[in-house]
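Inside the fold
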2 protein chains.
Amino acid sequence: MELQTNNTPPLGGRGASGPKLHACLTPALIPLYKVEDYIVVIIDVFRATTSICYGIENGAEAIIPVSKVEECSAYIEKGFDYLLAAERDGEVVSGFDFGNSPFSYTAEKVSGKTVVLTTTNGTHALHLSRRAKKIVIGSFLNLTALCNWLKLQQDNTLLVCSGWKNNFNLEDTLFAGAVVEQLKEHGFRVDDPAIAANDMYSLAKDDLNGYLKKTSHSARLKALGIEKDIEFCLKVDVTTAIPVLDGERLVKLK
Amino acid sequence: MELQTNNTPPLGGRGASGPKLHACLTPALIPLYKVEDYIVVIIDVFRATTSICYGIENGAEAIIPVSKVEECSAYIEKGFDYLLAAERDGEVVSGFDFGNSPFSYTAEKVSGKTVVLTTTNGTHALHLSRRAKKIVIGSFLNLTALCNWLKLQQDNTLLVCSGWKNNFNLEDTLFAGAVVEQLKEHGFRVDDPAIAANDMYSLAKDDLNGYLKKTSHSARLKALGIEKDIEFCLKVDVTTAIPVLDGERLVKLK
């Protein structure tokens, strides 16, 4: 509306002077935020950030996110002993170690290893957020551990939903809403997208899987045979590790 | 997520082959849509599209939306006998006929007249949508009349929320959700943003005013003394006229 009388983004909620808790519902909106002022949480629930959280929990030394299968391949030529993960149309790319299923990120498979993971939307979000104070990874798996850490930081926090092809999706927004749920009574000032995400979460939280069945791509996911993956991606508080970006690599936050 | 296997936006909901009903939650996302394929509904509930709907209902010959006060002024020099509407910080700009309050768009004031209305977010949304099949204006005032007309068109429909400074806001999203509520059982295929908007609306619909009091700018609106405006903007089904864009002018759809 035309009534805003100054240039600051809408701020409201509890805490007259607390740190900001903002939700950026698609990477297309990242340019609207001064990311240097924020701790950024990257969210890509189906399935990149879930797999990253699980892999780091299970002892992966590092996870390197790339956006294209070709970039992933380049790591073969470099001669590193990395695990390479890429999918096309739900199938592991020929010659690669595994795809994006979180079930591939067990201790048996990844402990002590570095994994190169291909994910288009998540990497796009990461890249646009690169000047943030710190970038961490969130998924339902590490929800409470992440929220507890964010509460301790008491710093401006931007929840970046990777969405799909720059547009909004429900699952990432629900996760943002779940974070707002835990932080909103702890001195953070929320914005409108955070309020909306939190309200959506309030509708969905008792049955995330059931709620998401009505989304646009649930039929497509079913066709790809990854219903088990999706079920796993919606499990809450399975891990405590928080992946943090260190250069180009995601490692366990100490 | 990386699992989408084709380039079409996520589609779901009822109707295997019906027209699309998509919600574009901020103008920043308009480039993601092929607007030529859609009837576009422009939404700017506080207060531009409410005022436009009310003015057209009350017999305004046309309403010309512009984005800057300076463009509005230019109409004085052109010598047209138009009414000029612009505000800065909630005050009518000196020398102008009125501001953006819907209460200025009564029959007594606007019947038979052409009004030049200044609105930044609404005009931005209009401009980005200009290649649409048709552009109409929506607000809670003409909600059901608009939905009845959209049902008859049975055409791809894009609900464009003007938001604020390219970001999401609650009130426009709620209106989009209200439209989805009326159309979803009539053969339209909805997308994720439309589902989300509809779910938010389901939480808010029994007390839109109460729900919106928690938004970021409600305190600022109160300070501007326009609570009565806001109350009016949330009245449902007060008018039946549908403003439609004809060239640069919004006129009554015949």
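Residues numbered from 1 in each chain as written. Chains lettered and ligands numbered in written order. Predicted model: local features only at pLDDT ≥ 70, side-chain atom pairs only at ≥ 80, totals over all residues. Heavy atoms only, no water.

An unreviewed UniProt entry lists chain A under the name Probable 2-phosphosulfolactate phosphatase, from Mucilaginibacter calamicampi. Recorded in UniProt for chain A, the comment headed Catalytic activity (unreviewed entry) runs: "(2R)-O-phospho-3-sulfolactate + H2O = (2R)-3-sulfolactate + phosphate". The UniProt entry for chain A carries the following comment under Sequence similarities (unreviewed entry): "Belongs to the ComB family." (UniProt positions renumbered as here; feature names shortened; annotations may be inferred.)

Quick word on the overall build of chain A
Along chain A, the regular secondary structure elements total ten helices and twelve strands. Principal-axis analysis of the C-alpha atoms gives chain A an extent of 55 × 35 × 30 Å. A sequence separation of at least 24 residues applies to 77% of the contacts in chain A between residues at least 6 apart. As displayed, chain A has an accessible area near 9800 Å², and 48% of this comes from carbon and sulfur atoms. Side chains of chain A carry 27 positive and 31 negative charges; the gap between the two charge centres is 2 Å. (Helix = DSSP H or I, 4+ residues; strand = E, 2+ residues; numbered from the N terminus. Contact = heavy atoms within 4.5 Å. Areas by Shrake-Rupley, 256 points an atom, 1.4 Å probe, with all protein chains shown as cover. Lys, Arg positive; Asp, Glu negative; His and termini not counted. Charge placed at Lys NZ, Arg CZ, Asp CG, Glu CD.)

What about the pairing of strand E9 (residues 157-161) of chain B?
Residues and elements named next belong to chain B. Counting buried residues along E9, five of its five residues qualify, which places the element largely inside the surrounding structure. Across the two faces of E9 the burial is the same, with Thr157, Leu159 and Cys161 and Leu158 and Val160 all buried. Examined bridge by bridge, strand E1 (residues 20-24) and E9 share four bridges and lie parallel to one another. Paired with leucine 21 across the two strands is threonine 157, which belongs to E9. Sheet analysis places strand E2 (residues 39-43) next to E9, joined by five bridges and oriented parallel. Looking at E9, one finds that isoleucine 39 is bridged to threonine 157. (Buried < 20%, exposed > 50% of the residue type's maximum accessible area, 1.4 Å probe, protein only. Pairing = 2+ DSSP bridges.)

Some remarks on the nonpolar core
Membership of the largest hydrophobic core comes to 94 residues, with the highest contact counts inside it found for Phe140(A), Leu174(A), Phe140(B) and Leu174(B). Not counting residues up to four positions away in its chain, the partners in contact with Phe140(A) are Val45(A), Glu171(A), Leu174(A), Phe175(A), Ala178(A), Tyr201(A), Leu208(A), Cys233(A), Leu234(A), Lys235(A), Val236(A) and Asp237(A). (Core = buried A, V, L, I, M, F, W, Y, C linked by side-chain atoms within 4.5 Å.)

A closer look at the environment of Leu150(B)
Residues and elements named next belong to chain B. When you line up the elements, leucine 150 lands in helix H5 (residues 143-153). Residue class for leucine 150 comes out buried when judged on its relative accessible area of 0%. On a C-alpha basis, the gap between leucine 150 and isoleucine 39 in space is 8.7 Å, while along the polypeptide they are 111 residues apart. If we ignore the near neighbours within four places in the chain, the residues touching leucine 150 are Ile39, Val41, Thr157, Val179, Leu183 and Phe188.

Considerations on the packing of helix H6 (residues 170-183) of chain B against helix H7 (residues 192-204) of chain B
Residue and element names in this part refer to chain B. H7 packs onto H6 with a crossing angle of 95° between their chain directions and a minimal axis gap of 7 Å. With respect to their mutual orientation, H6 and H7 come out roughly perpendicular. Of the residues in H7, those in contact with Leu170, Thr173, Leu174, Ala176, Gly177, Ala178, Val180 and Glu181 of H6 are Ala194, Ala197, Asn198, Met200, Tyr201 and Ala204. The class makeup of the residues in the contact of H6 with H7 is ten nonpolar, three polar and one charged. (Axes fitted to C-alpha atoms, helices over the stretch in contact; angles between N-to-C directions. Parallel < 35°, antiparallel > 145°, perpendicular 65-115°, else oblique. Nonpolar A, V, L, I, M, F, W, Y, C, P; charged D, E, K, R; others polar.)

A look at the pairing of strand E11 (residues 243-246) of chain B
Residues and elements named next belong to chain B. As defined by bridge partners, E11 adjoins strand E12 (residues 249-252) across four bridges and the pair is classed as antiparallel. Within E12, the position partnered with proline 243 by the bridge is lysine 252. Taken together, E11 and the strand that follows it, E12, pair antiparallel across an intervening segment of two residues, in which glycine 247 is found at a positive phi of about 70°.

Notes on the side chain of Asn198(B)
Position of Asn198(B) relative to the elements: it lies in helix H7. Residues in contact with Asn198(B), not counting those within four places in the same chain, are Gly177(B), Val180(B), Glu181(B) and Lys184(B).

Concerning helix H5 (residues 143-153) of chain A
Those residues of H5(A) not exposed but buried are Leu143(A), Ala145(A), Leu146(A), Cys147(A), Trp149(A) and Leu150(A). In this structure, the buried side of H5(A) is in contact with strand E2 (39-43), strand E8 (134-138), strand E9 (157-161) and helix H6 (170-183) of chain A.

Remarks on helix H2 (residues 69-77) of chain A
Residues and elements named next belong to chain A. Within the sequence span of H2, burial applies to Val69, Cys72 and Tyr75. Down the axis of H2, the buried side of the element spans an arc of 105°, and every buried residue falls inside it. Buried residues along H2 sit in contact with strand E3 (62-66), strand E4 (83-85), strand E5 (87-88) and strand E7 (114-118). Residue glycine 79 follows H2 closely and has a positive phi angle near 80°. (Arc of directions from axis to C-beta.)

Observations regarding unusual backbone geometry
With an omega of 0°, the peptide bond between Phe46(A) and Arg47(A) qualifies as cis. Checked against the element boundaries, Arg47(A) lands in the loop between E2 and helix H1 (48-57). Positive phi, normally seen in glycine, also occurs at Asn166(A), with a value near 75°. With respect to the element layout, Asn166(A) can be found in the loop between E9 and H6. Although it is not a glycine, Asp237(B) adopts a positive phi angle of roughly 60°. Checked against the element boundaries, Asp237(B) lands in the loop between helix H10 (227-233) and E11.

Focus: the packing of aromatic side chains
Residues and elements named next belong to chain A. The full count for this structure, using the stated rule, is twelve aromatic pairs over all chains. Aromatic pair tyrosine 33 and tyrosine 38: ring centres 6.2 Å apart, planes at 75°, arrangement edge-to-face. For tyrosine 38, a relative accessible area of 2% translates into the label buried. (Phe/Tyr/Trp six-rings, centres within 6.5 Å; stacked < 30°, edge-to-face > 60°.)

Details of the environment of Lys252(A)
All names here are of chain A. Relative to the elements of secondary structure, lysine 252 occurs in strand E12 (residues 249-252). Since its relative accessible area comes to 42%, lysine 252 is described here as partly exposed. Along the chain, lysine 252 and proline 65 lie 187 residues apart, while their C-alpha atoms are 14 Å from each other. Filtering out sequence-adjacent residues up to four positions away, lysine 252 remains in contact with Ile56, Ala241, Ile242 and Val244.

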